[in-house]
Amino acid sequence: MDDERIASLEDVPDDSTLLVTLRNGFEKVEVVLTRFDGDVAAWKNTCPHWSDVRLDKGSGAELRDGELLCTRHGATFDTASGHCTHGPCEGAYLEEIDVVVEEGAVYLEESTYSFDHLGPKSDRDRSSGRIGFGGN
Ligand code: FES
């Protein structure tokens, strides 16, 4: 297969998220992997309510009743569809990155992105809990 491997399936927790950093040209993009129904979905690590707020600040996002939680204002998101089911951005969707699970690993299906590394964009981002969007 041509798809790029980004993580082992067993590294994606049942009760939280796995944070990975992808690259799109010179831009680095944080993505969270979540489990649902034995499968894995990937979402850009930003809340649709305030785009500079990260769902996973480097140690895993919280889940509430099986839904992804934005702790800033309490929005919850369906882990399979990315649909905001409750909160200030109710009805909005997380931005999806196409991934596929094969033979115990998660592969990136989008050719515009490539895998950079596991974890946040940088240690500075991890400590601040905020990320910059220079130029975006
Ligand atoms: S920033 Fe996520 S709910 Fe407000």
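This text goes with the structure placed above it.
As the structure is a prediction and not an experimental result, all values here were calculated from the model.

Criteria and thresholds
Residues numbered from 1 in each chain as written. Predicted model: local features only at pLDDT ≥ 70, side-chain atom pairs only at ≥ 80, totals over all residues. Heavy atoms only, no water. Pairing = 2+ DSSP bridges. Helix = DSSP H or I, 4+ residues; strand = E, 2+ residues; numbered from the N terminus. Core = buried A, V, L, I, M, F, W, Y, C linked by side-chain atoms within 4.5 Å. Buried < 20%, exposed > 50% of the residue type's maximum accessible area, 1.4 Å probe, protein only. Contact = heavy atoms within 4.5 Å.

## Looking at the sheet that holds strand β12 (residues 114–118)
Stage number 1. What the five strands build is an open sheet, ordered β9-β4-β3-β2-β12; its pairing is antiparallel. Single-partner strands in this sheet number two, and they are β9 (96–97) and β12.
Stage number 2. Looking at chain direction, strand β2 (residues 18–24) and β12 are connected through four bridges and run antiparallel. Residue pairing in the sheet places threonine 21 in a bridge with histidine 117 of β12.

## Side note on the environment of glutamate 10
Stage number 1. Along the chain, glutamate 10 turns up in the loop between β1 (4–8) and β2.
Stage number 2. Separated by 94 residues in the primary sequence, glutamate 10 and glycine 104 have C-alpha atoms spaced 7.4 Å apart.

## Side note on the sheet that holds strand β5 (residues 63–64)
Stage number 1. A sheet is described by the order of its strands in space; here four strands give the open sequence β5-β6-β7-β8, paired in antiparallel fashion. Two strands bound the open sheet, and with one partner strand each, they are β5 and β8 (84–86).
Stage number 2. Alignment of strand β6 (residues 67–70) against strand β7 (residues 75–77), held across three bridges, turns out to be antiparallel. Bridged to leucine 69 within β7 is threonine 76.

## Regarding the nonpolar core
General note: in soluble globular proteins, nonpolar side chains tend to be found buried as a group.
Stage number 1. Membership of the largest hydrophobic core comes to 17 residues, with the highest contact counts inside it found for Leu22, Val31 and Leu33.
Stage number 2. Look past the residues within four positions of leucine 22 in its chain and what remains in contact with it is Ile6, Glu27, Lys28, Val29, Val31, Ile97, Leu108, Tyr113, Ser114, Phe115 and Asp116.
Stage number 3. Counting 15 residues, the second-largest nonpolar core is a separate cluster that includes Val53, Leu55, Cys84 and Leu94.

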